[in-house]
Amino acid sequence: MTRVIVTVMPRAGVLDPQGQAVAISLDRLGFGHVDNLRIGKRIELDVPGDDPEGQARRMCEALLANPLIEDYSIEVAS
Amino acid sequence: MIAVVRFPGSLDHDSAAKAVHAAGGTATFAWQDDAELPAGTTGVILPGGFSYGDHLRPGAIASRAPIMGAVRRFAEAGGRVLGICNGFQVLCEAGLLPGVLRTNTTLSFVCRQVHLDVADGDTALTRGLAPTISVPVKNQDGNWLGDPATTRVVFRYHGENPLGSTDAVAGVANARGNVVGLMPHPEEAVDALLGSTDGLPLFRALVAA
Amino acid sequence: MTEVPLHRRLGLTDHENDLIPGLIGRAPTDAELMMFSLMWSEHCSYKHSKPVLKRFTTTGARVLQGPGENAGAVDVGDGMAVALKVESHNHPSAVEPFEGAATGVGGIVRDILAVGARPIALLDSLRFGALTSARSRHLFARAVKGIGTYGNCIGVPTVGGELMFDDRYEDSCLVNAMCVGVVSHDGMLSASAQTPGNALMLIGNRTGRDGIGGASILASAELGDGDADKRPSVQVGDPFTERKLLDCCLELAAADLFVAFQDLGAAGLTSAASEMAAKGGRGLDIDLDAVPLREEGMPAAEILVSESQERMLAEVLPADVARVVEICTRWQLDATVIGTITDTGHFVARHHGDVVVDIPASALTDDAPVYGVASEPQPIPAPLDLASVAPPADLAAAWRGLLANPNVGSARWVYEQYDHLVGANTIVRPGGDAAVVRLPGRDTAIAITTDCQPRHCELDPRNGGRATVLEAARNIACTGARPIAASDCLNFANPEKGPTGWRLTEAVEGLAEALEALTVPVVSGNVSLYNESPARAIYPTPVVGMVGLLDHAERAVGISFQNDADLVVLVGDGPARLDASEFLGRAEGCPPPPDLDAEVAVIDVVIRAAEAGLLASAHDVSTGGIATALTESALAGGRGCRVTLPPGRRADEDMFGEGGGRIVVTCRPSALPALMELAGLVPVTPLGTVGGAEVGITAGAHTVTLSLDDARDAHESAIPRALA
């Protein structure tokens, strides 16, 4: 088993309603204007086999991310 | 005068005000940016809805709004505060009630009529209620997680536990009993034409303060 | 490799492309060509359906606004109007079901908002492939989630709709949404631009690269493979912003700050602005540099056609701009002056100091070519030979099986994911015939339904169209309401093919005839064509959304059996046939043509009986036949019944046969004489009594019973089991 961390983020250019709402709220709480606040998901999993990165990529394509609106990145623990 | 607090994304403020009227009281709206509750406020309702779109965590952003300072002071002085659905979530996020509300174990929004057992009829707000009441529940994140042993539980689901909450808890109060929050909607159970009037005593108690 | 010309890639024919220079006096720029391609699409121009749509009667004593504005509106008394519209979001839902269905809800709600109305109810008419298909299960479950997520968050109750699963929708699912709103007569808003010099304001979300129409084609042509991130993307719904937009715009409308008002939907700013200008006979001068953008560096064409959601366009007096901005700021919304109304009649857009668009607005909105509809009549099939259908060996098992069919079983799995109560006005909840919603602050209520009979429309489109309208009217009547207005959403395959064109024309003729018989006007509508793949085309699916009025909200009737010993009575003697029925499970045979006069009479009797307080319950006999109708009323009321059906040809046909013109009502025994007197010549047949813990039906020589527990298990689990 290899530890893999998948990060799923709204694709560049796709509206992120959650990020937008939180950015407005931070401003209102006195933190001032923040740029490019985007909210995604972090998924941790242990992947079997000798190609954990490829396996994780296939999982992202099949389920973990929606390629129409989300990008993903994969980090394999050394 | 009952102050119904509105946040961006509040939905049930009009229904809450109607319930206050049905209970013989008068209601006014307070806005999230107000520093103080309206003069003459004798009770507060935090209504249902999706304040701030439920972003980050339900109730999290609204609980940091300026009006919540005034609500906290009002509650600490013994004023009666009722949080319904999203209002309950706001009260938990604000630390005025114990526990947190997580996503339903069904992982979906649930809208249905349920029966509640009144587990504690001795609070200022729950005093006049029948032992079991029929009210609608409708939410996505109503799964209360907390310690029933140290919490003043006021409502439990009767029969099935539709959202998967700890010990079937549907609503809780603070230790003093003047702040009550629940996920189901008593303001939608004050009109026989809509199927139930079981929620009316809750609003009568709020108005009577 | 020959280069395909841009106009063809944008979907314009060579003929259409050739028309444009004549209309604008020169060759169009790429941006202008894209605007034409979108505005002359079927979705915006109705170029194939316009001649057919003329068939509808759109006027009537109650009509305050017919088709042509963002939504139609009818008078419901005391200075109040009800606005209604049905719209499709089929293609976006097939691409990304969650966001597609969600933004479909958002769009129809903004149509209602655009006429100044407060949305009070939503319905969804959904059709997917059979749930044995993994793809259809995914599309269905995600579309329902999308509708719920959006509708719940904006606080408009989703009170009803319909569901159908059939292989014919496997490649082209249908997601139609209906919204109903209320507005005072003098609060109604128009989209017509009024006065040169007034400001044009964009309110709501920022503009980004959202859109899956022509914009994506142009972008694909312009961008290289490495620029994938810059491609327009699926529209993402933002219900929190929509809710703020609703609250904010209703506040602005109440303060009388809108001169004209319009939502941004398909083709974005291009469509909204050109329609506003053309309707008022005005022009517009838009500064695209002023449009608030979500990302930098968007070219003019993308800004013009972006389909970013949650945006409204308003004409505002210059002196009122500051107040509009102030109120929008309180609601945490952008409100920006992006141009002015002019008297030129031209749509002018500037970007980085250059004029990038300068064309007559009416060329976009009114000058699209109109095509005749192809017409190749098809033979109407013969009725089913009953002898060719083997009778079921076990009628009780067949009955349970029918209740467990997702097209017949309970839709609870769907509607419990929707907040159908918010607003505290929902008197009759989902699960019955029509929903009943009290008009805010009044003692009156409206009943709302959406319906369609696609299999009947496939076999005999004119009579299928009639049957569709009559089913909607019966559903309304079963609540005690009288139908007052309709909206339609015509979902068809490619109308350029003769058989489809004929079915479109015939189905509309049937809809129109039945609506006229009921004196119900069509006040709004929408068309979705080309719903087909190389493998299969959808059934003709002309969805009708209908609204009825109840003068006394407290007299609303539901489907539930109310009291033991009540009489079960059949009103009407319409046919029960297995042709194209759910029991048969396919479009085979041909249902009998509806008898319009008899149907209208049955509907009228049930409405008057409800008004007179004679009815304890009423339920339309439709999908699944009278056995299903009786079971549903029994389950809803928690009490059974024992009935004997009128003699027919065969027990399975008597129990499960479909066909219009029948409504099952219950009443106290003492009310029967009054009901019969009121009914006059309309057949009223006592069938049996309410009571017990089972539904017992005698049909000919057979007596079949089903316990409520067994029935409930089959009915409730139909969809969950199909999805499991």
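Keep in mind that this is a model prediction, so the values were computed, not measured. (Residues numbered from 1 in each chain as written. Chains lettered and ligands numbered in written order. Predicted model: local features only at pLDDT ≥ 70, side-chain atom pairs only at ≥ 80, totals over all residues.)

Draft legend 1. Main features of the overall build of chain A. Within chain A one finds two helices and three strands. Listing every helix and strand of chain A by position from the N terminus yields β-α-β-α-β. The globule rule puts the C-alpha radius of gyration for 78 residues at 12 Å, and the 16 Å found for chain A is more than 25% above it. Dimensions of chain A along its principal axes, counting C-alpha atoms only, are 50 × 25 × 15 Å. Counting every position in chain A, which comprises 78 residues, the buried fraction comes to 22%. Put simply, 66% of the contacts in chain A that link residues at least 6 apart link residues at least 24 apart. (Helix = DSSP H or I, 4+ residues; strand = E, 2+ residues; numbered from the N terminus. Rg over C-alpha atoms; globule rule 2.2 N^0.38 Å. Buried ≥ 20, exposed ≤ 12 C-beta atoms within 10 Å, placed from the backbone. Contact = placed C-beta atoms within 7 Å.)

Draft legend 2. Representation of the overall build of chain B. Broken down by element type, chain B carries four helices and 11 strands. Computed over the C-alpha atoms, the radius of gyration of chain B is 15 Å, within 12% of the 17 Å expected from 2.2 N^0.38 for a compact globule of 209 residues. The dimensions of chain B, computed from C-alpha atoms along their principal axes, are 45 × 35 × 35 Å. Counting across all 209 residues of chain B, residues that qualify as buried make up 61%.

Draft legend 3. Quick peek at helix H10 (residues 239-254) of chain C. Residues and elements named next belong to chain C. Helix length check: H10, at 16 residues, gives a terminal C-alpha distance of 22 Å against a target of 22 Å (1.5 Å per residue), a fit within 8%. Across the 16 residues of H10, 13 count as buried, placing the element largely inside the fold. Downstream of H10 by a residue or two, aspartate 256 has a phi angle that is positive, lying close to 60°. (Expected span 1.5 Å × (residues − 1).)

Draft legend 4. Looking closely at the interface of chain B and chain C. In this complex, chain B contributes 22 residues to the contact, which on the side of chain C involves 23 residues. Mapped onto the side of chain B that touches chain C, the elements with two or more residues apiece are helix H1 (13-22), strand S6 (110-118) and strand S7 (132-139) of chain B. When residues of the side of chain B that touches chain C are assigned to their parent elements, the largest contribution, three residues, is made by S6 of chain B. A class-by-class count of the residues in the side of chain B that touches chain C yields 10 nonpolar, six polar and six charged. (Nonpolar A, V, L, I, M, F, W, Y, C, P; charged D, E, K, R; others polar.)

Draft legend 5. Seen up close, the sheet that holds strand S23 (residues 663-667) of chain C. Residue and element names in this part refer to chain C. In space, the seven strands of this open sheet follow the order S21-S23-S20-S24-S22-S25-S26, with mixed pairing throughout. In the strand order of this sheet, the two ends are held by strand S21 (617-620) and strand S26 (702-707), each with one partner. Direction aside, the axes of adjacent strands within the sheet are offset by 20° on average. As defined by bridge partners, strand S25 (residues 694-699) adjoins S26 across six bridges and the pair is classed as antiparallel. Paired with glycine 696 across the bridge in S26 is threonine 705. (Pairing = 2+ DSSP bridges. Axes fitted to C-alpha atoms, helices over the stretch in contact; angles between N-to-C directions.)

Draft legend 6. How the structure looks around the interface of chain A and chain B. Facing six residues of chain A, the contacting portion of chain B comprises six residues. Grouping the constituent residues of the side of chain A that touches chain B by class yields four nonpolar, two polar and no charged.

Draft legend 7. Here's a closer look at the pairing of strand S4 (residues 118-128) of chain C. Residues and elements named next belong to chain C. Along S4, 11 of the 11 residues are buried, which leaves the element largely enclosed by surrounding structure. As paired strands, S4 and strand S6 (residues 174-184) are joined by nine bridges and run antiparallel to one another. Bridge pairing links arginine 127 to leucine 174 in S6. The pairing of S4 with strand S5 (residues 158-165) spans seven bridges and is parallel. Residue pairing across strands places aspartate 124 opposite glycine 161, the latter belonging to S5.

Draft legend 8. Layout of helix H2 (residues 14-24) of chain C. Residues and elements named next belong to chain C. Here H2 has its buried residues at Asn17, Ile20 and Ile24. Buried residues along H2 cover an arc of 45° about the axis, so they all sit on one side. With respect to the buried face of H2, the exposed residues turned more than 90 degrees away are Asp14, His15, Asp18 and Gly22. Against the buried residues of H2 lie helix H1 (6-9), helix H3 (30-39), strand S13 (354-360) and helix H14 (361-365). Where H2 ends, the next residue or the one after it, glycine 25, has phi of about 80°, a positive value. (Arc of directions from axis to C-beta.)

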